[in-house]
Each structure stands twice: as structure tokens, then as C-alpha cells.
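# Coordinate analysis (summary)
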Amino acid sequence: MSDRSWPAAPAPGDVGLILLALLATAVLAFTGADGQGAQRVVIDVEGVTRYDVSLDSQWTVTVDGLLGPSVVRVVGGRVRIESAPCPGQICVARGWLRAVGDLAVCVPNHVVVHLTGDAPPRFDGITQ
Amino acid sequence: MSDASRRVTRLGLLTGMALVLFLVEASLPRPLPWMRLGLANSAVLAALLLFGTGSALAVTLAKLLLGGLLGGGLAGPAFVIGSSAGLASFTAMALCWHYLPRLFSPVGLSIVGALVHQVTQLTVAALYLGHEGLFSLLPMFLLSGVASGLLTGTATYYALRALPDTSERDA
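These remarks concern the structure in this document. (Residues numbered from 1 in each chain as written. Chains lettered and ligands numbered in written order. Predicted model: local features only at pLDDT ≥ 70, side-chain atom pairs only at ≥ 80, totals over all residues.)

### Structural notes on the overall build of chain A
The helix and strand tally for chain A stands at two helices and seven strands. Traced from its N-terminal end to its C-terminal end, chain A shows the element sequence α-β-β-β-β-β-α-β-β. Expressed as a percentage of the 128 residues in chain A, the buried residues total 31%. Contacts spanning at least 24 positions in sequence make up 36% of the contacts within chain A whose residues lie at least 6 apart. (Helix = DSSP H or I, 4+ residues; strand = E, 2+ residues; numbered from the N terminus. Buried ≥ 20, exposed ≤ 12 C-beta atoms within 10 Å, placed from the backbone. Contact = placed C-beta atoms within 7 Å.)

Written out as C-alpha cells, the structure reads:
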């Protein structure tokens, strides 16, 4: 049922696909991302905005997500998830957030930390 | 061997291969936390190219279920996200293989699968979290999809070339 014949690599489609994906990556990465003007830290827990505080503060908060407590720390114009009860620890490894549109996500604990500000967001109306 | 037992044997082997790759990968350090090689996808791709859509779907489903059991997250959000991505990735590769037969080599098919996997993962996660801001991660997800698809696709390509071309296999 299968004839075991396929084009040798690299096939024209392979190269085209890679170029297209790289182009899309570049366009998406550079449209409107000035990385400036972050002013507010917004913390959403289970889809609801729980906190909206200034980025220029020294502040640590423990929020209770689906699995347990996530600790979020704001210091010196940046913010990060310091600890989380999730198995993957992807949100903690995300590190410090500084720019508008940056975000740290914990899917298992349903916690999202992101930055907003006066600067235009990274993405336009299409993705909003 | 009858056709039926041959089919069961070969699906068992491919599923075993997928799970071994899955476990090997789980023990590797990751350059970035959301970056995965998706090595198990090469078993799905090999099934698709050698034995057709039905076999590849069977391997995909077995991989997702057993991987979920081994990973301990069956029915959690991560399992739902991963399964959607795995199924979408399989579907995209199967469609490209059947309807655009001369366009992609196995390496290209693997990249198709990886990119669709990444976009689906992000979309389902964004829906689950109700947070469209997740799409700001899209560039990084696309880039890591190209890289991982290229690596696993190349590995699969050479593995397939090394297989002896016996009529037994396709019988």
C-alpha cells in the first residue's frame, strides 16, 4: 500500500518551508516589539485578573492556583514567577519579564503573569 | 505470518520505538523549558511512510495514551494540549504526504509536523488559559519547531534509508 518512494532531502518543498517559517518568525518577532514602556504587572489566576500593580515597586505575592501557591516577585522594574507547584517549572524558568507583552505562563497551575504599559502592544488587531 | 499478525507486530515495534524515544527525551536536559525535540514523532513519520495513514494514526494514539500514562499527566491540561498537538501534527503530515506527494522529503514532512504541533499547542494553551497574549511566544515556538523538525526529520530520513528494502516489510 505504500510504495516507499519519497523525494531525496532536501526537496524543494523542504527548503521553501524552512525559509517561509523563518520569514514568518522574523516578521512576527520584529513587528512592533520595542520592548519599552512596561508599567503594570498583571497577574491572572484561573482566567481572572487577580492583581494589577505598578512595575516600579518592591513586592512579593503568593497566589493560589489550581495546584497550589505560585510566588510572584516584582523588583526594580522587572517581575518573575519565583516558585510554582507545577511539575514542569516552565514558568519559573521563564525568568525575569521586563517588556510590554512579555509573559510567564503556568498552564498546570493556571497562572499568567504579564506586563502592560502605555507602549503599543507587540501585536496588532489581528491577534488581539 | 498472516497479514493481521504482521500488522500487529509492526505497530507494536513502532509504538515501542516511540515510547523509548519519548523516555530518552524526557531524561535529556532541555536548552529551553518549552523546547522539545519530539523524537517520538519519528516513529509516527516512519509508520506513515512505510505502512500508511492507519498505522501512523495507531502509533500516534498509542504514543499519546502511553506517554500520558508514563508521564503521569493523563487527563490534565498538559495532556489535552499535547494530544491536540500530536493529532494535528499527524493529520498535517498525512495530508501533505498524500496530497502533495513530491513536494516534501521526510525531513520536510517532519518540519510540517513540528510547526503544526507548535502552533496547535500554543492555540490550545491560549484557549485554555483564556489569554491571547500567549501568541507573543509564537516566533520562538516557530523557530524551535523548525529546529526540532529538521533534527528529528533528518534522523528519521537516514534511519529509513538504512532499512533493508525487503518486500517482506511492505507485504
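What follows picks up the thread again.
### Remarks on the sheet that holds strand E5 (residues 78–83) of chain A
Residue and element names in this part refer to chain A. Strands sit in the order E3-E4-E5 across an open sheet of three strands; the sheet is antiparallel. Each edge of the sheet is formed by a strand with only one pairing partner; in this case those strands are strand E3 (59–64) and E5. Strand-to-strand twist of the sheet, defined as the mean angle between neighbouring strand axes without regard to direction, takes the value 25°. Sheet topology note: the E3/strand E4 (residues 69–75) ladder contains six bridges and is antiparallel. Bridge assignment links Thr 60 to a residue of E4, and that residue is Arg 73. (Pairing = 2+ DSSP bridges. Axes fitted to C-alpha atoms, helices over the stretch in contact; angles between N-to-C directions.)

### Regarding the sheet that holds strand E6 (residues 103–106) of chain A
Residue and element names in this part refer to chain A. The strand order across the open sheet formed by four strands is E2-E1-E7-E6, and the pairing between neighbours is antiparallel. The open sheet is flanked by strand E2 (48–54) and E6, the only strands paired with a single partner. Across the sheet, the mean angle separating the axes of adjacent strands is 20° when strand polarity is ignored. In this structure, strand E1 (residues 38–45) lies alongside strand E7 (residues 111–117), joined through seven bridges in antiparallel fashion. In the sheet register, Ile 43 faces E7, and the bridge partner there is Val 113.

### A short note on the packing of helix H2 (residues 41–51) of chain B against helix H5 (residues 106–129) of chain B
Residue and element names in this part refer to chain B. Relative to each other, H2 and H5 sit at 125°, their axes nearing to 11 Å. Classified by the angle their axes make, H2 and H5 are oblique. Pair H2 / H5 crosses with right-handed handedness. Contact with H2, carried on its side by Asn 41, Leu 45 and Leu 49, involves Pro 106, Leu 109, Ser 110 and Gly 113 of H5 and no other residues of that element. The class makeup of the residues in the contact of H2 with H5 is four nonpolar, three polar and no charged. (Parallel < 35°, antiparallel > 145°, perpendicular 65-115°, else oblique. Left-handed = near helix turned anticlockwise from the far one by under 90°. Nonpolar A, V, L, I, M, F, W, Y, C, P; charged D, E, K, R; others polar.)

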